[in-house]
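Each chain, written out:
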Amino acid sequence: MAADRVTADEDDGQLMLRYAAGELCAFEALYARHRAGLYRYLARHTRDPEVANDLFQEVWSRVIAHRASYEPRAKFRTFLFRIAHNCCIDHYRRARVRPQPPADSSALEASETLRAPDAERPDSRAEHAQLVARYREALASLPAAQRDVFLLYEQSGLSLEEVATITGVGTETAKSRLRYALAKLRGALAPQAAAQDARFALSEEPPT
Amino acid sequence: MSTPERDEELEAYLERRTQLQRRLSELDDLEPPAELDHLVLARAREALEAPQGLPFYRGTRWALPFTLTATLVLTVTVVMSLRALHDVHTSGASAAGAFSAAPAAAPSGAEAARMRANDARERDPAEWLAHIRELRAAGKEDEAQREWAAFRAAYPEYRDHTASP
């Protein structure tokens, strides 16, 4: 994914304009920046790897298709995650289902590799795997609106105001949803955190 | 349900100062499969290589004013045609009115004679001559003379082999 003529600090919007002008390397740089966050948003939102893969392609296809009409009025992240959010909404409408926790999330879990540091002992890897499982379970159990706000905020890097705009709610509503989501995630992770020397506690980092 | 403690935690989270923030990113390192990367990048490349077709929405940029202009021209044409047709009917009606009113008003002498001749030609000449003889026999000479003149105008070549009326 080489982007020889792209500097690291080049603005996303500028890259999009360069891609629209015919520079593939600009798109490659743009894609490299946002591929992981976008994929996590879609995968955690839908909890179905097949659907996430389809929506991932659909989102990027729309980005590609809109390259000529793209205007950098807002952040590219906002543009990208707005498309992703709308794709999820369209998916749920097509499927005529409300996003509910799946009865069996093993499909997604099986498609992922739990990456604990190789140097760690087997018991540490097991603890890490257990923590990951608890996190995913807690995330999947969130109401769709709370999960949407949390994932958008977490994976897009946008501000809470921008997340509120994308989801079509007021900032206070988005903030409330995020607060509830964090409380539930914290509750899911707290026991494990206590068992692991309080490393995952919701406390501020000590000053360094 | 928010408590001051939770609000503080939320604010801390929003400011990206908490350990949870860091731990969450460590917990979720999911990435798209390599096949997806290849698919998306190939699509981006193909889009640049493909000839730029004319998207439908661009067509509407000129189609809208074109449609409006065509509609306007068509409307004006139809209105003008209808108006011309109306004028023809109006003038035709007035002319017909004039023709129908003329006999009732005052037909010219030549026209009256022509009309009388036409009427006269529809009468049987032998009966007409017999009628003239009856008028003369009854002493109505003037009327008989008018009828005779009319008869001659209608049948100038007629020869009565019996006798002159």
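Residues numbered from 1 in each chain as written. Chains lettered and ligands numbered in written order. Predicted model: local features only at pLDDT ≥ 70, side-chain atom pairs only at ≥ 80, totals over all residues.

### A closer look at the packing of helix H3 (residues 49-65) of chain A against helix H3 (residues 34-49) of chain B
Point 1. Here H3(A) crosses H3(B) at 20°, and the two axes come no closer than 10 Å. With respect to their mutual orientation, H3(A) and H3(B) come out roughly parallel. As for the relative orientation of H3(A) and H3(B), their crossing is right-handed in sense. Along the contact surface, H3(A) presents A:Asn53, A:Phe56, A:Gln57, A:Trp60, A:Ser61 and A:Ile64, while H3(B) presents B:Leu36, B:Leu39, B:Val40, B:Arg43, B:Ala44 and B:Ala47.
Point 2. Here the contact of H3(A) with H3(B) is composed, by residue class, of eight nonpolar, three polar and one charged. (Axes fitted to C-alpha atoms, helices over the stretch in contact; angles between N-to-C directions. Helix = DSSP H or I, 4+ residues; strand = E, 2+ residues; numbered from the N terminus. Parallel < 35°, antiparallel > 145°, perpendicular 65-115°, else oblique. Left-handed = near helix turned anticlockwise from the far one by under 90°. Contact = placed C-beta atoms within 7 Å. Nonpolar A, V, L, I, M, F, W, Y, C, P; charged D, E, K, R; others polar.)

### Here we look at the packing of helix H2 (residues 24-46) of chain A against helix H4 (residues 76-95) of chain A
Residue and element names in this part refer to chain A.
Point 1. Viewed as axis vectors pointing N to C, H2 and H4 meet at an angle of 25°, and their least axial separation amounts to 11 Å. Classified by the angle between their axes, H2 and H4 sit roughly parallel to one another. Two packed elements cross with a definite hand, and for H2 against H4 that hand is right-handed. Residue-level contacts link His34, Leu38, Tyr41, Leu42, His45 and Thr46 of H2 to Leu80, Phe81, Ala84, Cys88 and His91 of H4.
Point 2. Partitioned by chemical class, the residues of the contact of H2 with H4 number seven nonpolar, four polar and no charged.

### Focus: the nonpolar core
Residue and element names in this part refer to chain A.
Point 1. One finds Leu42, Val59, Ala84 and Leu152 to be the most contacted residues of the largest nonpolar core, which totals 54 residues.
Point 2. Among the elements that take part in this core, H2 stands out by supplying 10 residues, more than any other.
Point 3. Filtering out sequence-adjacent residues up to four positions away, Ala84 remains in contact with Leu38, Tyr41, Leu42 and Val59. (Core = buried A, V, L, I, M, F, W, Y, C linked by C-beta atoms within 7 Å. Buried ≥ 20, exposed ≤ 12 C-beta atoms within 10 Å, placed from the backbone.)

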